[in-house]
2 protein chains.
Amino acid sequence: MNAEIVSIGTEILLGEIVDTNAAYIAERLPALGIDVYYKHAVGDNLTRLAEVIGRARERADVVITTGGLGPTEDDLTREAIALVHDEETAVDPDLETWLRDLYKRRGNVMPERNIKQTWLIPSARAINNPRGTAPGWWVERDGKIVIAMPGPPSEMNRMWEEEVAPELAKRSTGTVLIKRTLKTAGLGESNVDEMISHLLKGNNPSIGLYARADGVHVRMGAKAPTAEEARALIEPVEAQIREILRPHVWGADDDTFESVVGETLAQRGLTLAAMESCTGGLLADTITNVPGSSRYFRGGIVSYATEVKEMMGVDRAIIAAHGVVSAETAAAMAAAVRARLQADIGVGITGVAGPEPQDGVPVGQVYIAIDGGEKVASQALAFQFNQSRTAIKRRAVTQAIMLLRRALVAE
Amino acid sequence: MNAEIVSIGTEILLGEIVDTNAAYIAERLPALGIDVYYKHAVGDNLTRLAEVIGRARERADVVITTGGLGPTEDDLTREAIALVHDEETAVDPDLETWLRDLYKRRGNVMPERNIKQTWLIPSARAINNPRGTAPGWWVERDGKIVIAMPGPPSEMNRMWEEEVAPELAKRSTGTVLIKRTLKTAGLGESNVDEMISHLLKGNNPSIGLYARADGVHVRMGAKAPTAEEARALIEPVEAQIREILRPHVWGADDDTFESVVGETLAQRGLTLAAMESCTGGLLADTITNVPGSSRYFRGGIVSYATEVKEMMGVDRAIIAAHGVVSAETAAAMAAAVRARLQADIGVGITGVAGPEPQDGVPVGQVYIAIDGGEKVASQALAFQFNQSRTAIKRRAVTQAIMLLRRALVAE
């Protein structure tokens, strides 16, 4: 079985918003035994939409679209699919009742424009969408399937997981592809290549190496009639790779540095607090993106104004002697927040995110300190990131979490 | 003149690496007077590559590809373009000399497999690439242009700017597209649609509506021989739209809530501080993404643990009486951080980001409070966001900044 993905919307076509939907779906189809051959993006134009959906339907077993299911005149996915199938759209009474009730429950009256969100064609059934006003369409005729999902990722993701993927899994007869990624740190791509070169020659699982911001990833992919059989092919190879790369493997699949560090903190009953200035809260934000982070994250202080650092316990004399952007101030921030928020480990970040230099310190200069008290080793390091404001913030936070991980692993 | 963009590579097709090239090119074509009708992504497969390039060449004046120009067996762009034109590839002696010299200058011998990077077909000329080993191809025949550029963005961007865009500009009709976006808040997409429906029918400027996290965007695009003429077409329509939507228009083009709120704070000499728990620092991070935010942002406290709220001045009795996730606690947080960090305005956010409910409060329940002292009105509001953890954080921050904006505008 093979599929094509069509992302709909002029803003996606023109690169004005990032299309995360197509990648989301493309990543998930192989595990259902469905090959992806093409992705397309097309604007809000009926003729071109029908052209691309029609061509895709000629070539592929399944065509999956996202976007263009809103209530406006620019939302033309329904019309295009009707045109491709040479069928007429009509209001579906059940959908109309559902949508009018939805508005009523929200204390509103459905604007008449939204009536097109209750349309179907004879070959279409509606796909449930509890997160929005646009039901999806599942159109099946002549052995071909066309699936239309809404563009907002929160609506699309739920619809995919709950409604579309299970239905596709039933119909797919193909061989399932299961992937497994091991994440390493501290080795270059060619080191890893040399260390596991004898395993790289196999083709089921096939193995690929990918250099990423958080280290070299080793990706295994196995094909088999069922997911269990595919996993059974991966297991012994994964065990061999782990054996060879042991001290360098820090996680797998969806693990991130922050999730792995968090798990280590939780297991060891250690708590963490952060005082950050140039990263402006991004470190705390990143740490708290991990579910369950309240087990180990006490809190943070965003000491944007210099007086706030002093109010929060950083010695004015240290700032005066070394400057607000210095290793000494970063260390004092780590110590102060550790004491103030009664945590086992404190992290301090101070630097210049730009766009202007500050007190003679160039843009991108960042100091990161860890105060581990008696629990982990303390340290302060200097970095220079030659990037944009938001990229400097992001890089500094990644480095801070990597430092934390190394501090936790080291002792 | 119109164009299609083809991104080549299995990793891009499967969403394993993000395709920034297609968006880069798509954003730049309208200003050259070239319309983009489709973007496609296809894997490293000769038949499918030739199919998608061939179809695109039938429909469009210009086909622009990126990727697949490397030296390996998987790099099939040259072969596919040759197939589409029914021409034979052959080593170009000048390119061969250039590439062998390039390797020699780097102290290496050219691996023989790289010889395919010196191929051309009779209708192709090479496009200079000083940043890599893959020249581009400019293929012109039968009134159609096919342009192949390498995948690495640093090579592609330079080739686009220096070689491709100037050449395309010469051939294009010279009609440029200029865009202008008005950003509104407090209206639904279908409300805006109804209010300005008489203007939506025009096609120069054409007008599109886009529902975004920060409200509905109204985007105008005008075509004219020069940028000045295009702007002159937009101006009266923009004036009409502003007149109709007046109290709801909060910004234009690159304005964000945080930049507009920040500008207002700076102009009025007001300062801001935030205490946030469920958003975990994302509010401070968002505010400090704006360059110059140190003029008005004093700092923030991420009071993740309940004791941290108390340490930072939130009355334990309020938390005990109303719960840590309550309007009263949010208001106490706003007041405490305003006092503690000596700011004019304090913001407090408390809620449950999930995945688990907390003390009987459901996931997605968030309270946001503003304490404006005597400067702006104080308020506390309840929200319920039915989304994922990170989306709840994002929505809560957007709402907090919208509240701030309204508080600043209201009085």
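Residues numbered from 1 in each chain as written. Chains lettered and ligands numbered in written order. Predicted model: local features only at pLDDT ≥ 70, side-chain atom pairs only at ≥ 80, totals over all residues.

A. Region of the structure containing the overall build of chain A. Along its length, chain A carries 15 helices and 17 strands. Within the span of chain A, comprising 411 residues, buried residues form 48% of the whole. Once local pairs closer than 6 in sequence are excluded, the contacts in chain A between residues at least 24 apart make up 66%. (Helix = DSSP H or I, 4+ residues; strand = E, 2+ residues; numbered from the N terminus. Buried ≥ 20, exposed ≤ 12 C-beta atoms within 10 Å, placed from the backbone. Contact = placed C-beta atoms within 7 Å.)

B. Geometry of the pairing of strand E15 (residues 345–351) of chain B. All names here are of chain B. The element E15 is extensively covered by neighbouring structure, given that 7 of its 7 residues are classed as buried. The side-chain alternation of E15 yields two buried faces, one formed by Ile345, Val347, Ile349 and Gly351 and the other by Gly346, Gly348 and Thr350. Bridging between strand E13 (residues 272–276) and E15 involves 5 bridges; their strand directions are parallel. Counterpart to Met275 in the pairing with E15 is Gly348. (Pairing = 2+ DSSP bridges.)

C. The interface of chain B and chain A, seen in detail. With 53 residues of chain B at the contact, the number on the chain A side is 53 residues. With 7 residues, strand E2 (residues 35–42) of chain B is the largest single contributor of residues to the side of chain B that touches chain A. For the side of chain B that touches chain A, the per-class residue count stands at 27 nonpolar, 16 polar and 10 charged. Across 3 bridges, strand E14 (residues 297–302) of chain A lies against strand E14 (residues 297–302) of chain B in antiparallel orientation. Its bridge partner being in E14 of chain B, Ile301 of chain A is matched across the sheet by Ile301 of chain B. (Nonpolar A, V, L, I, M, F, W, Y, C, P; charged D, E, K, R; others polar.)

D. How the structure looks around the sheet that holds strand E9 (residues 176–184) of chain B. All names here are of chain B. Within the open sheet, the 4 strands sit side by side as E10-E11-E9-E12. Their pairing is antiparallel. Edge strands, defined here as strands with exactly one partner in the open sheet, are strand E10 (206–212) and strand E12 (249–252). Adjacent strand axes in the sheet meet at a mean angle of 25°, parallel and antiparallel pairs treated alike. As paired elements, E9 and strand E11 (residues 215–224) share 8 bridges and run antiparallel to each other. By the bridge assignment, Leu177 is partnered in E11 with Lys223. Seen against the sheet, helix H9 (residues 227–245) touches E9, E11 and E12 and runs at an angle of roughly 20° to E9. (Axes fitted to C-alpha atoms, helices over the stretch in contact; angles between N-to-C directions.)

E. Local environment of the environment of Arg389 of chain A. Topologically, Arg389 of chain A is positioned in helix H15 (residues 389–410). For the pair Arg389 of chain A and Ile17 of chain A, spaced 372 residues apart in the sequence, the C-alpha separation amounts to 21 Å. The residues contacting Arg389 of chain A, other than those within four sequence positions of it, are Ala353, Gly354 and Pro355 of chain A together with Pro291 of chain B.

F. How the structure looks around the domain arrangement of chain A. Residues and elements named next belong to chain A. Each assigned domain of chain A is listed with its residue range as follows: domain 1 (2–171), domain 2 (176–252) and domain 3 (257–410). On a C-alpha basis, the centres of domain 2 and domain 3 stand 33 Å from each other. Across the boundary between the two partners, domain 2 contributes 4 residues, which contact 4 residues of domain 3. Along the lines of polarity and charge, the residues of the side of domain 2 that touches domain 3 split into 2 nonpolar, 1 polar and 1 charged. (Domains from an automatic or database assignment.)

G. Just the environment of Met275 of chain B, in detail. Residues and elements named next belong to chain B. Looking at where Met275 falls in the secondary structure, it is placed in strand E13. On the basis of neighbour count, Met275 is assigned to the buried category, with 33 C-beta atoms found within 10 Å. For the pair formed by Met275 and Gly348, sequence separation is 73 residues and the distance between their alpha carbons is 4.9 Å. Contacts of Met275, omitting those with residues within four sequence positions, involve Gly300, Ile301, Ser303, Met312, Met333, Ala334, Ala336, Val337 and Gly348.

H. Region of interest: the nonpolar core. In this structure, Ala334 and Val337 of chain A together with Ala334 and Val337 of chain B are the most contacted members of the largest nonpolar core, which totals 118 residues. Among residues more than four places away in sequence, those in contact with Val337 of chain B are Ala273, Ala274, Met275, Ile301, Met312, Gly346 and Gly348 of chain B. Core analysis: the next-biggest nonpolar cluster, separate from the first, contains 100 residues, Val42, Ile64 and Leu69 of chain A together with Ile12 of chain B among them. (Core = buried A, V, L, I, M, F, W, Y, C linked by C-beta atoms within 7 Å.)

I. Looking closely at the sheet that holds strand E7 (residues 136–141) of chain B. Taken in spatial order, the 12 strands of this open sheet run E6(A)-E7(A)-E8(A)-E3(A)-E1(A)-E2(A)-E2(B)-E1(B)-E3(B)-E8(B)-E7(B)-E6(B), and their pairing is mixed. Two strands close off the open sheet at either side, each with one partner strand: strand E6 (124–127) of chain A together with strand E6 (124–127) of chain B. Across the sheet, the axes of successive neighbouring strands diverge by a mean angle of 15°, strand direction being ignored. Where strand E3 (residues 62–66) of chain B lies against strand E8 (residues 144–149) of chain B, 5 bridges are found, and the strand directions are parallel. What sits directly across from Thr65 of chain B, in E8 of chain B, is Ala148 of chain B. Most of the contacts of helix H4 (residues 77–85) of chain A go to strand E7 (residues 136–141) of chain A, to which it runs at about 5°, and overall it touches strand E1 (2–8), strand E3 (62–66), E7 and strand E8 (144–149) of chain A.

J. Spatial organisation of helix H3 (residues 46–59) of chain B. Across its 14 residues, H3 of chain B extends 20 Å between first and last C-alpha, which sits within 8% of the 20 Å expected from 1.5 Å per residue. Along H3 of chain B, the residues that are buried comprise Leu49, Val52, Ile53, Ala56 and Arg57 of chain B. The buried residues of H3 of chain B all sit within an arc of 135° when viewed along its axis, so they share a single face. Projecting away from the buried face of H3 of chain B at angles above 90 degrees are the exposed residues Thr47 and Glu58 of chain B. On its buried face, H3 of chain B is in contact with strand E2 (35–42) of chain A together with strand E1 (2–8), E2, E3, helix H4 (77–85) and E8 of chain B. (Expected span 1.5 Å × (residues − 1). Arc of directions from axis to C-beta.)

K. View of the confidence of the model for chain A. Of all residues in chain A, 100% have pLDDT values of 70 or greater, and the mean over the chain is 94. Across the interfaces of the predicted complex, the ipTM metric reaches 0.78, alongside a pTM of 0.79. (pLDDT = per-residue confidence, 0-100.)

L. Focus on unusual backbone geometry. Between Asn204 of chain A and the following residue, Pro205 of chain A, the backbone shows a cis peptide bond with an omega angle of 10°. Mapped onto the elements, Pro205 of chain A comes out in the loop between helix H8 (197–200) and strand E10 (206–212). Cis geometry marks the peptide bond from Gly354 of chain A to Pro355 of chain A; its omega dihedral reads 10°. Unlike most non-glycine residues, Asp142 of chain B shows phi in positive territory, near 55°. Here Asp142 of chain B lies in the loop between E7 and E8. Overall, the presence of 7 C-beta atoms within 10 Å leaves Asp142 of chain B in the exposed class.

M. Fine view of the packing of H3 of chain B against H4 of chain B. Residue and element names in this part refer to chain B. Relative orientation of the contacting elements H3 and H4 amounts to 50°, with a least axis distance of 9 Å. In terms of axis orientation, H3 runs oblique to H4. In this structure, the crossing between H3 and H4 has a hand that is right-handed. Across the interface between the two elements, Leu46, Leu49, Ala50, Ile53, Gly54 and Arg57 of H3 pack against Thr77, Glu79, Ala80, Ile81, Leu83 and Val84 of H4. Tallied by class, residues from the contact of H3 with H4 come to 8 nonpolar, 2 polar and 2 charged. (Parallel < 35°, antiparallel > 145°, perpendicular 65-115°, else oblique. Left-handed = near helix turned anticlockwise from the far one by under 90°.)

N. Up close: the environment of Pro291 of chain B. Tracing the sequence through the fold places Pro291 of chain B in the loop between helix H11 (282–288) and E14. When the 13 C-beta atoms within 10 Å are taken as the criterion, Pro291 of chain B is described as partly exposed. With residues near it in sequence (within four places) discarded, Pro291 of chain B still touches Pro355 and Arg389 of chain A.

O. Inspection of H15 of chain A at higher detail. Residues and elements named next belong to chain A. Here H15 is 22 residues long and its end C-alpha atoms lie 31 Å apart, about the 32 Å a rise of 1.5 Å per residue gives. Three or more residues of H15 are buried, namely Ile392, Lys393, Ala396, Val397, Ala400, Ile401, Leu404 and Leu408. Down the axis of H15, the sector holding all buried residues measures 165°, keeping them to one side. On its buried face, H15 is in contact with helix H10 (257–268), helix H11 (282–288), strand E15 (345–351), strand E16 (365–371) and strand E17 (379–384).

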